[in-house]
Amino acid sequence: MSEADINTSLGFYEKFKKAVDEQDKAFFCLPSLFNNISNIADYDDEKNKFSEKLIDIVFDIATKIKAKTTVEKNYNRYLKDRETAIKQHRAEQKKKAYEAYVETLPEWFDGEKVDEPVFANEFRRVHEIITVNGHCYNKDGAISDNDIEKNIYDVISQYITTDTEKNTKKLLAAIKLSSNEKKFPFAPDEIHCKNGTFDSDGNFQLCKKHCINRLNVEYSPDAPTPEKWLKFLSELMYDEDIATLQEYSGYCLTANTKGQRMLSIIGDGGEGKSRLKEVFKCIFGAAITAGHLDKLEDDRFAVADLENKLVFFDDDVNMSMLENTSKLKSIVTNENMFRIERKCVQAYEAPIYARIICLGNGLPVPLHDLSDGFWRRQLLIKVKPKPKDRVDDTELAKKLCAEIQGIFNWALDGLKRLRKNGYKFTVSDRSKNILSELQSESDSISAFLESDYVKYGENEFVKKPSLYWAYEQFCDNNGFRTRTEGVFHRNISQKADKYKIDTKKQKLISPKPNEKLKMTRVYGGISHTLETHI
């Protein structure tokens, strides 16, 4: 209360005492009487009690001077006016508080609802997001929808408390629309580390670019030599094969697939091959995926798992024959776009550049594809047998991953050598011979045609079922995998020119014993040397 108000209150109190003494009816019937009494209180508890005491005095005197009706009327008017004044005061305070609150709100929220385009543009700018084919990326690589939704929820839940799930999904859709790009702006030869980028010329820069997959390793040119890793490799592989692994490890660091090879590492088991997968997981992080090779052909949804990945790892290869190899060969060469199918999502086309690494006891072979295409795309390393007296170190993978920066530099050296050689891998004579032997063993039909089970000549001929029967005997006796009859006959047609086989020859013979002679289609220029009942 100001000094003037205090003086006014004190003056009124003196008048009040005088009116009480004189029983001044006019004074007690004044409409402003209760307002003046209220001013004495001034929101002070002691003064409030004093004001209430004065009001009691007014009513006592009003009864004595027979002015109670007028006083009650004035008092009720005073209460009503006071209630109105209090409401106005509270409304003004609430308005000021709301205006102050609104000034603190983000631009995309008006106090009641979220402005979706404004929110989407701000979120995209802050998090540096771009979207391609419905997938979001920032400078650390791909971001899952779940991670973005969690970030959106954390932001909007500070301002809205209802329909948060619905609003979160709507805002995610708005972000994808506002950040959509037709094509991802990246160079396939770049390498994206945790702390910077190798450009297409191999120069490292301490800056991050938008990327599809960022490696889980920081580049350190001064990282120590990975002694445990090199020792592990020298015990696992023959020296001449380590260069192949080094180059292929470097080959996997970029999205460039000029090498057009997949790597298969085979052994009898227990040698420690699986430790390679653990090291690759440490280096590649989210840029590596695992699965089974045969599923890539059989499962139409499997290829989607390879999108935006640098490495596909199968550490337990199924040794059954591959029904188809066309998709596998296309992935290795990466010359075409792939149809990406996911459940409950519209299919679209995208490149697949994941490099394939397989570990197992042997190499799966194609069942129907007997061309050289599958074998030309193979790099093979056969590891050393496990020493009988070796004691396995259960902590080996952890120890190897502790050298991740040195291993990364080791892989970089392999990439430099591979680029210098025009993406032609270093392959030992030992590996070439093993691969050639496996190819020969897998092509049981060629082996049969080169064997003494058949003979050739202008006058030779044989019924088709009879030649297939001889082929079955050959496979059983020599440990080859038997191809189906359909594959056998298709392959004979493919090799007809090489072996001078007439696949359209017809002969007047009895198709079955005791049947009449009739024109029957046979293979001309070839017959088998076995006695047969067919």
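Residues numbered from 1 in each chain as written. Predicted model: local features only at pLDDT ≥ 70, side-chain atom pairs only at ≥ 80, totals over all residues. Heavy atoms only, no water.

### With respect to the state of the cysteines
Here the structure, examined in full by the defined rule, presents one disulfide. Here Cys 282 is linked by a disulfide to Cys 401, with a sulfur-sulfur distance of 2.4 Å. Taking the sign of the S-S torsion, about 90° here, the bridge from Cys 282 to Cys 401 comes out right-handed. Of the two residues, Cys 282 is situated in helix H11 (residues 274–284) and Cys 401 in helix H15 (residues 396–401); the sequence distance between them amounts to 119 residues. Owing to a relative accessible area of 23%, Cys 282 belongs among the partly exposed residues under this scheme. Cysteine Cys 211 is unpaired, with the sulfur of Cys 193 as its nearest cysteine sulfur at 10.0 Å. Taking relative accessible area as the criterion, Cys 211 reaches 1% and is therefore assigned buried. The thiol of Cys 344 is not disulfide-bonded; the next cysteine sulfur, from Cys 136, is found 19 Å away. (Disulfide = S-S within 2.5 Å. Helix = DSSP H or I, 4+ residues; strand = E, 2+ residues; numbered from the N terminus. Buried < 20%, exposed > 50% of the residue type's maximum accessible area, 1.4 Å probe, protein only.)

### A short note on the pattern of salt bridges
Under the defined criterion, the tally for this structure stands at 23 salt bridges. Between Lys 150 and Asp 154 there is a salt bridge, with its nearest N and O atoms 2.9 Å apart. One end of the pair is Lys 150 and the other is Asp 154, both in helix H7 (residues 145–156) and four residues apart, which spans about a single turn. By relative accessible area, Lys 150 is classed as partly exposed at 46%. For Arg 430, the salt bridge is made with Asp 241, and the minimal N-O distance between the two is 3.1 Å. With Arg 430 in helix H17 (residues 429–442) and Asp 241 in helix H10 (residues 239–251), the pair connects residues that are 189 residues apart, well separated along the chain. Overlapping salt bridges bring together Asp 140, Lys 208 and Arg 214 as one network. (Salt bridge = Lys/Arg side-chain N within 4 Å of Asp/Glu carboxyl O.)

### Some thoughts on the sheet that holds strand E3 (residues 141–143)
Judged by pairing direction, the sheet is antiparallel, and its three strands sit side by side in the order E1-E2-E3 without closing on themselves. Sheet topology places strand E1 (130–132) and E3 at the edges, where each strand pairs with a single neighbour. When the angles between neighbouring strand axes are averaged without regard to direction, this sheet yields 45°. (Pairing = 2+ DSSP bridges. Axes fitted to C-alpha atoms, helices over the stretch in contact; angles between N-to-C directions.)

### Topic: helix H20 (residues 485–494)
Among all positions of H20, only Val 487, Phe 488, His 489, Asn 491 and Ile 492 are buried. Tucked into the core, H20 has its buried residues touching helix H18 (444–449), helix H19 (464–478), helix H21 (496–499) and strand E16 (518–528). (Contact = heavy atoms within 4.5 Å.)

### A look at the sheet that holds strand E12 (residues 355–360)
Within the open sheet, the five strands sit side by side as E8-E9-E12-E7-E13. Their pairing is parallel. The outermost strands of the open sheet, each flanked by one partner alone, are strand E8 (288–290) and strand E13 (378–382). When strand polarity is set aside, the average angle formed by the axes of neighbouring strands in this sheet is 20°. Against the sheet, H17 contacts strand E7 (262–266) and E13, and its axis sits at roughly 110° relative to E13.

### A word on the packing of H10 against helix H16 (residues 404–420)
How two helices pack is summed up by the angle between their axes together with the distance between the axes. Between H10 and H16, whose axes approach to 7 Å, the crossing angle comes to 90°. As the angle between them shows, H10 and H16 are arranged roughly perpendicular. For the pair H10 and H16, the contacting residues are Ile 242, Ala 243, Leu 245, Gln 246, Glu 247, Ser 249, Gly 250 and Tyr 251 in the first and Trp 410, Ala 411, Asp 413, Gly 414, Leu 415, Arg 417 and Leu 418 in the second. Each residue belonging to the contact of H10 with H16 can be placed in one class, and the counts come to eight nonpolar, four polar and three charged. (Parallel < 35°, antiparallel > 145°, perpendicular 65-115°, else oblique. Nonpolar A, V, L, I, M, F, W, Y, C, P; charged D, E, K, R; others polar.)

### Description of H10
Taking 1.5 Å as the rise per residue, H10 with 13 residues should run 18 Å; its terminal C-alpha atoms sit 19 Å apart, in good agreement. For H10, the tally of buried residues reaches ten of 13 residues, placing the bulk of the element in the interior. Among all positions in H10, only Asp 241, Ile 242, Thr 244, Leu 245, Gln 246, Glu 247, Tyr 248, Ser 249, Gly 250 and Tyr 251 are buried. (Expected span 1.5 Å × (residues − 1).)

### What to know about a negative patch on the surface
Together, Glu 107, Asp 110, Glu 112 and Asp 115 give the surface a local cluster of negative charge. If you trace the backbone, Glu 112 turns up in the loop between helix H5 (68–104) and helix H6 (116–127). Of the residues examined, Glu 112 reaches a relative accessible area of 70% and is grouped as exposed. (Patch = residues over 30% accessible without salt bridge, like charges linked within 9 Å, V, L, I, M, F, W, Y side chains within 5 Å. Areas by Shrake-Rupley, 256 points an atom, 1.4 Å probe, with all protein chains shown as cover. Lys, Arg positive; Asp, Glu negative; His and termini not counted. Charge placed at Lys NZ, Arg CZ, Asp CG, Glu CD.)

### So, the nonpolar core
By size, the foremost hydrophobic cluster in this structure holds 81 residues, and its most contacted members are Phe 284, Ile 356 and Phe 408. Ranked by residues supplied to this core, first place goes to H16 with eight residues. Apart from the residues within four sequence positions on either side, Phe 408 is in contact with Ile 191, Cys 193, Phe 198, Leu 215, Val 217, Tyr 219 and Leu 253. Val 462, Trp 469, Val 487 and Ile 526 belong to the second largest nonpolar core, which has 21 residues in total. (Core = buried A, V, L, I, M, F, W, Y, C linked by side-chain atoms within 4.5 Å.)

### Examining empty space enclosed by the protein
Under the counting rule described, the total for this entry stands at three cavities of 30 Å³ or more. In this structure, the largest cavity encloses a volume near 100 Å³. What lines the largest cavity is a set of 15 residues, among which Glu 190, His 192, Asn 213, Ala 255 and Leu 310 lie closest to the centre. In this structure, the second largest cavity occupies an estimated 50 Å³ of space. Every residue along the wall of the second largest cavity is listed here: Trp 229, Ser 249, Val 279, Phe 280, Ile 283, Phe 284, Ile 407, Trp 410 and Ala 411. Of all the secondary structure elements, the ones that give two or more residues to the lining of the second largest cavity are H11 and H16. At four residues, the largest contribution of residues to the lining of the second largest cavity is made by H11. Counted by class, the lining of the second largest cavity contains eight nonpolar, one polar and no charged residues. (1 Å grid on protein atoms, 1.4 Å probe; cavity = no way out; pocket = protein on both sides within 12 Å on 5 of 7 lines; lining within 4 Å. Points joined across faces, edges and corners; volume = space filled by probe spheres on them.)

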